[in-house]
Amino acid sequence: MQSRKFLAFLAILFVMASALLARSLASVKPDFLSELELAVWQELNLARTQPQVYVRLLEDYRSQFSGKLVKRPGKVDLMTQEGVAAVDDAIAALKAQKPLPELRISRGMTQAARDHVKDTGPRGLIGHHGSDGSTPFARMERYGKWQRTAGENVSYGADNGRDVILQLIIDDGVPSRGHRKNILNPTFGVVGVACGPHRNMGIMCVQTFAGDYQER
């Protein structure tokens, strides 16, 4: 009985924390972000500032597995490459993760991410190189100057902010866990977010990261 009360208390804290963060970010919503892009930014910062909240989310997600298949209520079942092993790896990483500062949103970096969506989405391409061979770093340079360090995440098929960030934190089938490392990289301070249609995967979301960024 005590454990149930404790779990209920944690659930209440989680809801309150999520709501407070959402209200905080929504109050300063940039006019260049769609609702989905805003949600991705919110969830990205939730994972950074409150990693233990994402531990709870991952534990809930883990309970939906049947072998390597994720049985998602109200959604199409999802076949994974690693099964719960990737989720367990993510849980362990976030349990050891110290809170990090929020990432500021950048208009120029968002435009760089949007270029990649508009270029590769209709063509059904996957990866970080554009159809013209452009890299994330070159695309960011179109609209400003990234400083110190930079990176990029791309998710496919996830149609809400939480699922986008869960997908990237779990990083199923990516041995380096590079997407998770970008999300939890303490040297990143700025982000751009863009989402849009993808010919084969339905939807894609790009996040560009940098230590800092000088808008053009």
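Here we summarise the structure given alongside this text. Keep in mind that what you see is a predicted model, and the values were worked out from it rather than measured.

**Examining the state of the cysteines**
Applying the stated criterion across every chain yields a total of one disulfide. Across a sulfur-sulfur distance of 2.2 Å, Cys195 and Cys205 are joined as a disulfide pair. Taking the torsion about the S-S bond as the criterion, the Cys195 to Cys205 disulfide, at about 115°, is right-handed. With a gap of ten residues between them, Cys195 in strand E6 (residues 190-198) and Cys205 in strand E7 (residues 202-215) connect regions that are remote in the sequence. Given a relative accessible area of 16%, Cys195 falls into the buried group.

**What about the pattern of salt bridges?**
The full count for this structure, using the stated rule, is 17 salt bridges. Ionic pairing is found between Arg107 and Asp31, a salt bridge with its closest N-O pair at 3.1 Å. Separated by 76 residues along the polypeptide, Arg107 in helix H5 (residues 107-120) and Asp31 in the loop between helix H1 (2-26) and helix H2 (35-49) bring together distant segments of the chain. Note on Arg107: relative accessible area 48%, which makes it partly exposed. On the basis of relative accessibility, which here comes to 66%, the residue Asp31 falls in the exposed class. One salt bridge connects Arg114 with Glu37, and the closest N-O pair in it is separated by 2.7 Å. Separated by 77 residues along the polypeptide, Arg114 in helix H5 and Glu37 in helix H2 bring together distant segments of the chain. For the pair Arg114 and Glu37, one class covers both residues: buried. Connected through shared salt-bridge partners, Glu82, Asp89, Arg177 and Arg180 make up one network.

Procedures and definitions
Residues numbered from 1 in each chain as written. Predicted model: local features only at pLDDT ≥ 70, side-chain atom pairs only at ≥ 80, totals over all residues. Heavy atoms only, no water. Disulfide = S-S within 2.5 Å. Helix = DSSP H or I, 4+ residues; strand = E, 2+ residues; numbered from the N terminus. Buried < 20%, exposed > 50% of the residue type's maximum accessible area, 1.4 Å probe, protein only. Salt bridge = Lys/Arg side-chain N within 4 Å of Asp/Glu carboxyl O.

Don't take any of this as a statement about function, it's just geometry.
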